[in-house]
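The chain contents come next:
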Amino acid sequence: MREVREELPRNGARICLVPTMGALHQGHLSLVDMAKRTSDLVVMSIYVNPTQFGRGEDFGKYPRTLESDARLASERGVDFIFAPADTEMYPEEHLAFVEVEKVSSILEGEFRPTHFKGVTTVVAKLFNIVEPHVAVFGQKDAQQAFIIKKMVRDLNFDVEIIVAPIVREKDGLAMSSRNVYLSPEEREKAAVLYSSLKYAESSLASGKKNLRDIRAEMTEMIAGGSGGKIDYVSFVNPASFEKVEDAGSLDEVLALLAVRFGQTRLIDNMMLKVK
Ligand code: PAF
């Protein structure tokens, strides 16, 4: 990759990185569309990063479909695919890590304590290897996008971060490589995540401000109706990622949730306008 990068223009042509873990779906391909709108050359990384998986998580069974990913990516206009091996990314005695404090330990970080350290480390390495001008991430992983922006700002990476909207299935379920783990019954029930977010959206649009009450209703919808096991339903100020219990004087709040259906853990979020 470094050799290829040496050949690419340093000035003029904008190079965009789309970091992925493969198992590509329409959500990833929409990141490629965004990359192509903003840049001249698109590099996609496909790497199932071991350091962002905790013990007992799905690293071993995470879908690895490099051949079909490469076909889909190049059909969509990706110029280069970087798919390194673990031994290249983490040679023996790899001891350096990148960590964004505070915001990495709430929400997803409470349930996956080492997750964001693994994400920021691999993304920093990818930025150093590919040296992109721009990188595109999905809003589906809203906390990850916030943390990466913070890393870029605090560590002076010269990379513009673009966050692309969530792509949803017909019934509203956010596209995710982990959706393939769901049984048909779980898949049907998982649509409740979107309906609960839409419920929160209409509650705030109608003038409700008490987020505790809205969360209680969402919890009832999810746990009561679908049997989903809730890790969290939470609201944050999108500017700071601080948790909020009352929409008060904010213009927008970001609702986030993580719910388990059987063995599958799904996350979703929605930006909500406050009336
Ligand atoms: O969002 C993902 O797929 C991963 O967290 C990322 C950004 C590719 C880092 O491994």
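Preceding block: the structure.
Overview of the structure.

When helices and strands are counted, the chain shows 10 helices and eight strands. Whereas a compact globule of 275 residues would reach a radius of gyration of roughly 19 Å, the chain reaches 19 Å, a difference of no more than 12%. A principal-axis box enclosing the C-alpha atoms of the chain has dimensions of 55 × 40 × 40 Å. A buried classification covers 50% of the 275 residues belonging to the chain. Contacts spanning at least 24 positions in sequence make up 71% of the contacts within the chain whose residues lie at least 6 apart. By element, 50% of the accessible surface of the chain is carried by carbon and sulfur atoms, the whole surface being about 13,500 Å². For the chain, the separation between the mean place of its 35 positive charges and that of its 40 negative charges on side chains is 4 Å.

The element strand S8 (residues 264-273) is extensively covered by neighbouring structure, given that seven of its 10 residues are classed as buried. Pairing of strand S7 (residues 252-261) with S8 involves 10 bridges; the strand directions are antiparallel. Directly across from Leu256, in S8, lies its bridge partner Asn269. What sits between S7 and S8 in their antiparallel hairpin is a turn of two residues, with Gly262 showing a positive phi close to 60°.

Okay, the sheet that holds S7 next. With antiparallel pairing, the three strands of this open sheet are ordered in space as S6-S7-S8. Because the sheet does not close on itself, it has two edges, and the strands there are strand S6 (229-236) and S8. On average, each strand axis in the sheet is tilted by 10° relative to the strand beside it, whichever way the strands run. In the packing of helix H9 (residues 192-205) onto the sheet, contacts are made with S6, S7 and S8, and the angle to S8 comes to roughly 20°.

What counts, and at which threshold
- Residues numbered from 1 in each chain as written.
- Predicted model: local features only at pLDDT ≥ 70, side-chain atom pairs only at ≥ 80, totals over all residues.
- Heavy atoms only, no water.
- Helix = DSSP H or I, 4+ residues; strand = E, 2+ residues; numbered from the N terminus.
- Rg over C-alpha atoms; globule rule 2.2 N^0.38 Å.
- Buried < 20%, exposed > 50% of the residue type's maximum accessible area, 1.4 Å probe, protein only.
- Contact = heavy atoms within 4.5 Å.
- Areas by Shrake-Rupley, 256 points an atom, 1.4 Å probe, with all protein chains shown as cover.
- Lys, Arg positive; Asp, Glu negative; His and termini not counted.
- Charge placed at Lys NZ, Arg CZ, Asp CG, Glu CD.
- Pairing = 2+ DSSP bridges.
- Axes fitted to C-alpha atoms, helices over the stretch in contact; angles between N-to-C directions.

Limitation: the analysis is restricted to geometry and does not speak to function.
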